[in-house]
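In case you want the letters, here they are:
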Amino acid sequence: MTGEEASGFLFHWEPGVATGPVLVMLHGTGGSEHDLVPLGQRLLPGAPILSPRGRVLERGMPRFFRRLAEGVFDHDNVRDEADALATWIGSFVTTADLAPRPRVAVGYSNGANIAAAMLLRHQDLFQGAVLLRPMVPLPEHYRGESSSSRVLVIAGQRDPIAPVAQAEELAKRLEESGSRVDLVVVPASHELSADDLRLAQQFLHQFS
Ligand code: MLT
């Protein structure tokens with residue numbers, strides 16, 4: 001099913017099987033709500049998939065928040081969009097009666113960055129996350145005690161867009177906020193590789 005909510009988030013929704021985790025798939029710059037659906041289906045066959053489209057446009061390319069230049073983020077907009085998306089996901093989950101099931105975000109690049117912002121600012125929204133080629137989305141630190149979320153961060157060794165140092169710093173920030181984080185560096189650039197798929201599949205088993 002494809003739809004649009006009053007908040008302006010276009011989305012793709014697949015109800016999937018009746019038990020187990022719900023995947024929230026978050027695309028990269030220039031992507032859409034359809035982009036990562038096949039990845040979600042491969043990662044956890046049969047899982048419900050909720051996949052929104054970022055509502056910010058950069059020269060016609062959808063994103064989850066504005067940036068001022070490559071790698072320079074509009075932090076006010078990151079906060080606003082992370083809060084709006086978290087609220088939208090929360091109400092979708094409640095309306096679709098999914099609240100008792102684990103929610104796991106899977107984000108790539110810009111989608112990983114908005115997932116990280118939501119993990120930091122809305123610590124009960126996700127029980128898990130896979131962040132593929134992320135960066136630190138916000139300058140401020142978030143402290144938390146008992147967030148039970150488990151996060152897998154995967155950086156590409158030769159990634160010029162989201163350098164390994166950014167993934168390392170993000171992993172630290174997420175730990176400070178209470179998440180348990182695994183950081184893996186794969187021999188790849190910004191594009192995803194077979195290693196990403198394998199590592200994410202292994203990680204997601206714990207939520208089934
Ligand atoms: C971003 O959020 O800007 C990304 O990390 C880089 C990109 O989307 O190209």
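Residues numbered from 1 in each chain as written. Predicted model: local features only at pLDDT ≥ 70, side-chain atom pairs only at ≥ 80, totals over all residues. Heavy atoms only, no water.

1. Digging into the overall build of the chain
Next, step 1: Along the chain, the regular secondary structure elements total five helices and 12 strands.
Next, step 2: Relative to the compact-globule value of 17 Å for 208 residues, the chain shows a C-alpha radius of gyration of 15 Å, a close match.
Next, step 3: Projecting the C-alpha coordinates of the chain onto the three principal axes gives extents of approximately 40 × 35 × 35 Å.
Next, step 4: For the chain, buried positions account for 54% of its 208 residues.
Next, step 5: For the chain, long-range pairs separated by at least 24 residues make up 68% of all intrachain contacts whose partners lie at least 6 apart in sequence.
Next, step 6: About 8,900 Å² of surface is accessible on the chain, with carbon and sulfur atoms providing 52% of the total.
Next, step 7: Here the chain contributes 19 positively and 25 negatively charged side chains, and the mean placements of these two sets differ by 2 Å. (Helix = DSSP H or I, 4+ residues; strand = E, 2+ residues; numbered from the N terminus. Rg over C-alpha atoms; globule rule 2.2 N^0.38 Å. Buried < 20%, exposed > 50% of the residue type's maximum accessible area, 1.4 Å probe, protein only. Contact = heavy atoms within 4.5 Å. Areas by Shrake-Rupley, 256 points an atom, 1.4 Å probe, with all protein chains shown as cover. Lys, Arg positive; Asp, Glu negative; His and termini not counted. Charge placed at Lys NZ, Arg CZ, Asp CG, Glu CD.)

2. Quick look at the side chain of Arg103
Next, step 1: Structurally, Arg103 can be placed in strand E9 (residues 103-108).
Next, step 2: At 3.2 Å, the side chain of Arg103 forms a polar contact with the backbone oxygen of Ala99.
Next, step 3: Those residues in contact with Arg103, other than ones at most four positions away along the chain, are Val22, Val93, Leu98, Asp124, Leu125, Phe126, Gln127 and Gly128. (Polar contact = N/O pair within 3.5 Å; in protein donor to acceptor, adjacent residues only side chain to side chain.)

3. Examining the packing of helix H2 (residues 75-95) against helix H3 (residues 110-121)
Relative orientation and spacing of two packed helices are given, respectively, by the angle between their axes and the distance between those axes.
Next, step 1: Two numbers describe how H2 lies on H3: the axes approach to 9 Å, and their chain directions differ by 75°. Classed by the angle they form, the pair H2 and H3 counts as roughly perpendicular. Every residue of H3 that contacts H2 at Val78, Arg79, Glu81, Ala82, Asp83, Leu85, Ala86 and Ile89 is listed here: Ile114, Ala117, Met118 and Arg121.
Next, step 2: In the contact of H2 with H3, the residues fall into eight nonpolar, no polar and four charged. (Axes fitted to C-alpha atoms, helices over the stretch in contact; angles between N-to-C directions. Parallel < 35°, antiparallel > 145°, perpendicular 65-115°, else oblique. Nonpolar A, V, L, I, M, F, W, Y, C, P; charged D, E, K, R; others polar.)

4. With respect to the pairing of strand E4 (residues 49-52)
Next, step 1: Burial of E4 is two-sided: the residues Ile49 and Ser51 facing one way and the residues Leu50 and Pro52 facing the other way are all buried.
Next, step 2: Looking at chain direction, strand E2 (residues 10-14) and E4 are connected through four bridges and run antiparallel. The partner of Glu14 across the bridge, within E4, is Ile49.
Next, step 3: Direction of pairing for strand E3 (residues 22-26) relative to E4: parallel, over a ladder of two bridges. When the sheet's bridge partners are listed, Val24 is paired in E4 with Leu50. (Pairing = 2+ DSSP bridges.)

5. Things to note about the pattern of salt bridges
Side chains bearing opposite charge may pair, as long as their charged atoms lie close to each other.
Next, step 1: Across all of its chains, the model carries 14 salt bridges by this definition.
Next, step 2: Taking the shortest distance from any N to any O, the salt bridge between Arg53 and Glu33 comes out at 2.7 Å. Here Arg53 is found in the loop between E4 and strand E5 (56-58), whereas its partner Glu33 is found in the loop between E3 and helix H1 (37-43), with 20 residues between them in sequence.
Next, step 3: You can call Arg53 partly exposed: its relative accessible area is 26%.
Next, step 4: Salt bridges here are not isolated pairs; linked through shared partners, they connect Glu58, Arg63 and Arg67. (Salt bridge = Lys/Arg side-chain N within 4 Å of Asp/Glu carboxyl O.)

6. Details of helix H5 (residues 194-204)
Next, step 1: Within H5, burial applies to Asp196, Leu197, Leu199, Ala200, Phe203 and Leu204.
Next, step 2: Residues of H5 that are buried sit in contact with E3, H1, E9, strand E10 (128-132), strand E11 (150-156) and strand E12 (180-186).

Everything listed here is a matter of coordinates, which is why it stays silent on function.
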